[in-house]
Amino acid sequence: MGLYKLRLSKSRYIIFLGAPGAGKGTQAAIVALELKLAHIAPGDLFRQAQEQGTDLAMKAKSYMEQGMLVPDEITIQMVLERISAPDCEGGAIFDGFPRNLKQAEALDEALTGQGKTVDKVVYIKVSEEELLKRLSGRWICRKCQTPYHAETSPPKVWGKCDKCGGELYQRPDDTVETVKKRLEVYFSETASLIDYYTQAGKLVEVDGEGSVDDVGRRVLESLGREFVRSMEK
Ligand SMILES: [Zn+2]
């Protein structure tokens, strides 16, 4: 991927969108490394902040402990604090943020206030059929907890653990019904984000099927072209 060594003249902010199972986090990490940008994922932020014990983190924690989503105001504040850190001077990749229109508008407002802007939004597109296959294929051994995947790493004998002969089972989160519901929620939340960034002329759609390397190449190519073009203007 060395072909796409880009010299970025100012802070760059790139958002990654993609359904659960689309490989968004993996690709965000690859691109962050390649473009030398900070990689910001709210889940990681919450964990780090909890270790530091900030007020904001304690608030977030109380919601998470109850199995509730952290309210937008808290998430937004944490992300804004994070991007003012020295390692974000060159910009950042957002992975899992914004989740909804309200967060997107808050981010735009905050960046605009600093004379900055979201440069690109990469939408990693994977068909619902493929997502279902990836997400609902997980099976675990009851005895030794070894994970299997129906498609990518099946056991030698269906239903039995290769290591200990234990019975394989699916966690409730990994069943087709639960996965379908999760995807429905995701797509209904994300549709408005996709519209928002399409209208702003920032959305780049990338085919997320195929190997991690292939998808990574596609992402960097699309960003590369776009950035080079925007820098020539
Ligand atoms: Zn086992």
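Residues numbered from 1 in each chain as written. Predicted model: local features only at pLDDT ≥ 70, side-chain atom pairs only at ≥ 80, totals over all residues. Heavy atoms only, no water.

Chemist: Can you walk me through the overall build of the protein chain in this structure?
Modeler: A tally of helices and strands in the protein chain yields 8 helices and 8 strands. The C-alpha atoms of the protein chain give a radius of gyration of 20 Å, which matches the 17 Å a tight globule of 233 residues would have. When its C-alpha atoms are laid out on the principal axes, the protein chain stretches across 60 × 45 × 30 Å. A total of 233 residues make up the protein chain; the buried ones form 41% of that total. (Helix = DSSP H or I, 4+ residues; strand = E, 2+ residues; numbered from the N terminus. Rg over C-alpha atoms; globule rule 2.2 N^0.38 Å. Buried < 20%, exposed > 50% of the residue type's maximum accessible area, 1.4 Å probe, protein only.)

Chemist: Just checking my understanding: could you explain the nonpolar core for this structure?
Modeler: The nonpolar side chains of a soluble globular protein tend to be buried with one another. With 55 residues, the main nonpolar core has Phe16, Phe94 and Val219 as its most contacted residues. No other element matches helix α7 (residues 176–199), which puts 6 residues into this core. In this structure, Val219 is in contact with Phe16, Gln27, Val31, Val122, Ile124 and Val206, ignoring residues within four places of it in sequence. (Core = buried A, V, L, I, M, F, W, Y, C linked by side-chain atoms within 4.5 Å. Contact = heavy atoms within 4.5 Å.)

Chemist: When you look at the sheet that holds strand β7 (residues 168–169) in this model, what are you seeing that I'm missing?
Modeler: Across a sheet, strands are paired by hydrogen bonds formed along the backbone, either parallel or antiparallel in direction. Spatially, β6-β5-β7 is the arrangement adopted by the 3 strands of the open sheet, whose pairing is antiparallel. What marks the edges here is a single partner per strand, and that holds for β6 (147–149) and β7. Looking at chain direction, strand β5 (residues 138–141) and β7 are connected through 2 bridges and run antiparallel. The residue bridging Cys141 from the neighbouring strand is Leu168, located in β7. (Pairing = 2+ DSSP bridges.)

Chemist: Would you explain the coordination of the zinc ion in this entry?
Modeler: For the zinc ion, the full set of protein donor atoms is Cys141 (SG), Cys144 (SG), Cys161 (SG) and Cys164 (SG), and the range of their distances to it is 2.3 Å. Coordination at the zinc ion is tetrahedral, judged from the 4 donor atoms that bind it and the angles of 100 to 117° they form at the metal. In terms of primary sequence, the donors binding the zinc ion are separated according to C-x2-C-x16-C-x2-C. By relative accessible area, Cys144 is classed as partly exposed at 35%. (Donors = N, O, S within 2.8 Å, 3.2 Å for Na, K, Ca; no water. Tetrahedral: all angles 85-135°; square planar, octahedral: opposite > 155°, others 65-115°.)

Chemist: Could you clarify how one ought to interpret the confidence of the model for the protein chain in this entry?
Modeler: Detailed reading of the predicted coordinates is not advisable wherever pLDDT is low. Considering every residue of the protein chain, the mean pLDDT works out to 87; 92% of them sit at 70 or more. Below pLDDT 50 for its whole length, residues 1–9 participates in 18 contacts with residues either more than four positions away or in separate chains. (pLDDT = per-residue confidence, 0-100.)

Chemist: Help me understand the environment of Gly166, please; the structure alone is not making it clear to me.
Modeler: Within the secondary structure layout, Gly166 lies in the loop between β6 and β7. Expressed as a C-alpha distance, the spacing of Gly166 and Gly91, which sit 75 residues apart in the sequence, is 48 Å. For Gly166, the residues in contact, after removing those within four places along its chain, are Cys141, Lys143, Gly159, Lys160 and Cys161.

Chemist: It is not clear to me how the packing of aromatic side chains should be interpreted in this structure. Could you clarify?
Modeler: In this description, a pair of aromatic rings is defined by centroid distance and the angle of the planes. Tallying each qualifying case throughout the model produces 5 aromatic pairs. Ring-pair connections join several aromatic residues into one group, and the members of that group are Tyr13, Phe94 and Phe97. (Phe/Tyr/Trp six-rings, centres within 6.5 Å; stacked < 30°, edge-to-face > 60°.)

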